[in-house]
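Here are the chains, one letter per residue:
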Amino acid sequence: MVTDILMPQLGESVTEGTISTWLKKPGDPVTKYEPICEVTTDKVNAEVPSTFDGTITELIAKEGETVEVGQLICRIEVSGEEAEEAKAETPVPSEVPKPAANEKDDSQKNRYSPAVLRLAQENDIDLTQLTGSGKGGRITRKDVLRAIEEGVGQSKAAQVTSAVIQEKPAEAEKDVKKEAVKPATDSGNVLENGDIEIPVSGVRRMIANRMVESKHEAPHAWTMMEVDVTGLVELRHRMKKDFQEREGVKLTFMPFFIKAVVDSLKEFPYLNSVWADDKIILKKRINISMAAATDDALYVPVIHDADEKNILGLAKSVQNLAEKTRAGKLEVSDMEGGTFTVNNTGSFGSIQSQPIINSPQAAILSFESIVKRPVVINDMIAVRDMMNICMSLDHRILDGLMAGKFLKRVKERLESYGPDTKF
Amino acid sequence: MPVISYIDAVTQALMEEMRRDSCVFVLGEDVGVRGGVFRATVGLYEEFGPDRVLDTPLTESAIVGVGIGAAAYGMRPVAEIQFADFILPAFNQIVSEAARIRYRSNGDWNVPMVIRAPYGGGVHGALYHSQSVEKLFTGVPGLKIVMPSTPYDVKGLLKAAIRDEDPVLFFEHKRCYRLIKGEVPVEDYTLPIGKADVKREGSDVTVITYGLMVHYALQAAEKLEKEGISTHVLDLRTLIPLDKEAVLEAVKKTGKVLIVHEDNKTGGFGGEVAALISEEAFLELDAPVQRLCGPDVPAMPYSPPLEKEFMLNPDKIADAIRELAEF
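Residues numbered from 1 in each chain as written. Chains lettered and ligands numbered in written order. Predicted model: local features only at pLDDT ≥ 70, side-chain atom pairs only at ≥ 80, totals over all residues.

## Considering the overall build of chain A
The number of helices and strands found in chain A is 11 helices and 18 strands. The buried share of chain A, taken over its 423 residues, is 28%. Partitioning the intrachain contacts of chain A with sequence separation of at least 6 by distance along the chain shows that 61% fall at a separation of at least 24. (Helix = DSSP H or I, 4+ residues; strand = E, 2+ residues; numbered from the N terminus. Buried ≥ 20, exposed ≤ 12 C-beta atoms within 10 Å, placed from the backbone. Contact = placed C-beta atoms within 7 Å.)

Put into structure tokens, the structure is as follows:
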């Protein structure tokens, strides 16, 4: 077992020493504490003792050579028990398990440092187009600098301008770019005389974010069915006056729509579910979110446990939530926990719509305008009250077949009403 | 240019200033006949005699107090505190008197005095011979604090300190004394107090440091260059006045800052630099400002393995730089 002998620390502030004389030569036996060489420093002359019993194998430092403290001066073949001891002192290189290369960690991809944000804004760089080289996929300042240099990740407004520029001489490029970008606002829109800029309110921003998130996250599929609601129209027409007098609530079509949806959801629990990345959660409670618009915003208050309510109960809930929405008195609890959304787009005359899913729900159903149309029944043409129902569904959770079956049951339920149906 | 050691630069600066100006004199424990325990004042006694090279009793408060009085009367004393650890008995003189006389007398009196003190560990000096004491003084307006890293900086800054009209604390890292050698011009020169110096240009991580740690940072940078990490090293040279422009400039180079000092972390000068950066260079930052400092334990241990654990070294600095580079 050969051990390295290092230049020892021979006093305060001494950092190096000069080997003046070797007292041993290769092959000489040494005992522990026996001097092996003489060393001169700025402050002292000293002998360096051997730290082991053994035999000198090699002199590394030459006489007259100045050696830093801690540097190798000679080697000793350690004898006997001490060999074991010396061996134990040599550090065992521990194997550090390297993370597998294919395990890509993207957790920090959207964490931007102040420098990154500033550079991106100043240079019109769309950070979503960059790949981060930092820890957890973080985009570093250097990544942005590289992108600026290579012209990668420029946002659309900048791309348009730079496309124009390419035809001009290179020297003019910087000035031209500044000029061209100037009249544009942050989002790249050009303002003309008379245009009015409306600052985005908190609610508007929230709606925007939720819509983008939903459209971005959930692959939307869309389907529509036609419903013959002639019977329901007659029923409502016959009942509405009595109903209002008796119950103090206006009888609209909405409770009937919701009832048909709720009963059908019971048959198709996947429509009453939530996408949770690694699983689909089938919700037990049926809480119907109901789109309710004001002049400047859209809210979706929730009728909780809608399956426990009859037409009267639903009518009261709908009216109550609609009033609260208009009065701006919705509470947080009124907005939480929805599992499926209905949307009465017919109320403003729409006959077809493609709603955006109220994330993370599985689907949203629009009830369109009821209009009288000629319809062929039993090879005869009849004038019927027709309504389209349109559904957007999260294709991760549902496929068209189940959605179609569900929609068909809603249709059948709505068509089953006649002028004399009891509810 | 001749290559001399860090401590030779101290001796040369003293020698030349004493020849240049007869008002300059040195005082301290064993600075005379013995030439100083580190040999920093060697040859001065022989050339200038006992009137200008004063061996004092072991009384730091008197060394500084006498110096203050002499300075107020127009002399230019250079007081040596044998080890920076021993400066505490003189603390009151330095803080209450030297730092404040100009302010207190509305400019009528001033103290053109230098207090030299060897500081720092890594020399097996244990509790009373290893401390870094700069943070005790950085928050005291009225003092200038110089902590050079190379022989060139030592000589130029010590001369500037002696010629300065106000008190200067001149901290010399004792491990640098014979470890660090460098080229120093023969002709007379001074360096401005309050100017930092870029010791290495780089683009990935900025290290801001001073004293011995400059060399460790440079060694770490050397090593990391082979790994493809480019390190920018700023040597503050003077803590007070702090060269703010240089700090902010260095931050802009990389956006990632590691502050290194041997003094312990809590209350250390690194916190001041970090605060300056967040106040004035927030939009340049690409990573949280990091500090690598001595641990918050009472003093340097005597046991060699513990001393090694306490002291920063190029490997520890390289690890910290690497971590920032990867951030």
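Back to the write-up after that little detour.
## Looking at the UniProt feature "domain: Peripheral subunit-binding (PSBD)" (unreviewed entry) in chain A
According to UniProt, the feature "domain: Peripheral subunit-binding (PSBD)" (unreviewed entry) maps to residues 111-148 of chain A in the numbering used here. The distance separating the terminal C-alpha atoms of residues 111-148 of chain A is 19 Å; by composition the span is 45% helix and 0% strand. (UniProt positions renumbered as here; feature names shortened; annotations may be inferred.)

## Things to note about the packing of helix α2 (residues 114-122) of chain A against helix α3 (residues 141-150) of chain A
Residues and elements named next belong to chain A. At their nearest, the axes of α2 and α3 sit 8 Å apart, and the two run at 15° to each other. Of the possible angle classes, the one that applies to α2 and α3 is roughly parallel. Between α2 and α3 the crossing geometry is left-handed. The segment α2 lies against α3, with Ala115, Val116, Leu119 and Ala120 engaging Arg141, Val144, Leu145 and Ile148. (Axes fitted to C-alpha atoms, helices over the stretch in contact; angles between N-to-C directions. Parallel < 35°, antiparallel > 145°, perpendicular 65-115°, else oblique. Left-handed = near helix turned anticlockwise from the far one by under 90°.)

## Some remarks on the nonpolar core
Generally speaking, a soluble globular protein has its nonpolar side chains buried in company with each other. Counting 119 residues, the largest nonpolar core has Ile115, Ala161, Ala217, Leu258, Ile317 and Ile321 of chain B as its most contacted members. Here the element with the most residues in this core is helix α9 (residues 212-225) of chain B; it accounts for nine residues. Setting aside residues no more than four positions away along its own chain, Leu258 of chain B makes contact with Val205, Val207, Gln290, Leu292, Ala320, Ile321 and Leu324 of chain B. Counting 49 residues, the second largest nonpolar core, distinct from the first, contains Ile286, Tyr299, Val342 and Ile364 of chain A. (Core = buried A, V, L, I, M, F, W, Y, C linked by C-beta atoms within 7 Å.)

## Brief notes about the sheet that holds strand β1 (residues 2-6) of chain A
Residue and element names in this part refer to chain A. Reading across from one edge, β1-β8-β6-β3 is the order of the four strands in this open sheet, with antiparallel pairing throughout. Of all the strands in the sheet, just β1 and β3 (29-30) have a single pairing partner and so form its edges. Of the pairings in the sheet, the one linking β3 to strand β6 (residues 54-59) comprises two bridges and is antiparallel in character. The partner of Pro29 across the bridge, within β6, is Thr55. (Pairing = 2+ DSSP bridges.)

## Comments concerning the environment of Lys411 of chain A
All names here are of chain A. Position of Lys411 among the secondary structure elements: in helix α11 (residues 400-415). Through-space distance from the C-alpha of Lys411 to that of Ile389 is 8.3 Å; in sequence the pair is 22 residues apart. Aside from chain neighbours lying at most four places away, what touches Lys411 is Met225, Val227 and Ile389.

## Looking at the interface of chain B and chain A
With 19 residues of chain B in contact, the opposing surface of chain A contributes 17 residues. No other element matches helix α8 (residues 176-179) of chain B, which puts three residues into the side of chain B that touches chain A. A class-by-class count of the residues in the side of chain B that touches chain A yields nine nonpolar, four polar and six charged. (Nonpolar A, V, L, I, M, F, W, Y, C, P; charged D, E, K, R; others polar.)

## Quick look at unusual backbone geometry
The peptide bond linking Ser359 of chain A to Pro360 of chain A adopts the cis configuration, its omega dihedral lying at 5°. For Pro360 of chain A, the location among the structural elements is in the loop between β16 (340-343) and β17 (363-377). The residue after Ile240 of chain B, namely Pro241 of chain B, is reached through a cis peptide bond having omega -5°. One can find Pro241 of chain B in the loop between β12 (238-240) and α10 (244-254). Although it is not a glycine, Asp124 of chain A sits at a positive phi angle of roughly 60°. Along the chain, Asp124 of chain A falls in the loop between α2 and α3.

## Remarks on the pairing of strand β4 (residues 35-40) of chain A
A regular strand places its side chains so that they alternate between the two faces of the sheet. Residue and element names in this part refer to chain A. Here strand β2 (residues 16-22) pairs with β4 via four bridges, running antiparallel. Residue pairing for β4: Ile19 is matched across the bridge by Val39. Here β4 pairs with strand β5 (residues 45-49) via five bridges, running antiparallel. Directly across from Glu38, in β5, lies its bridge partner Glu47.

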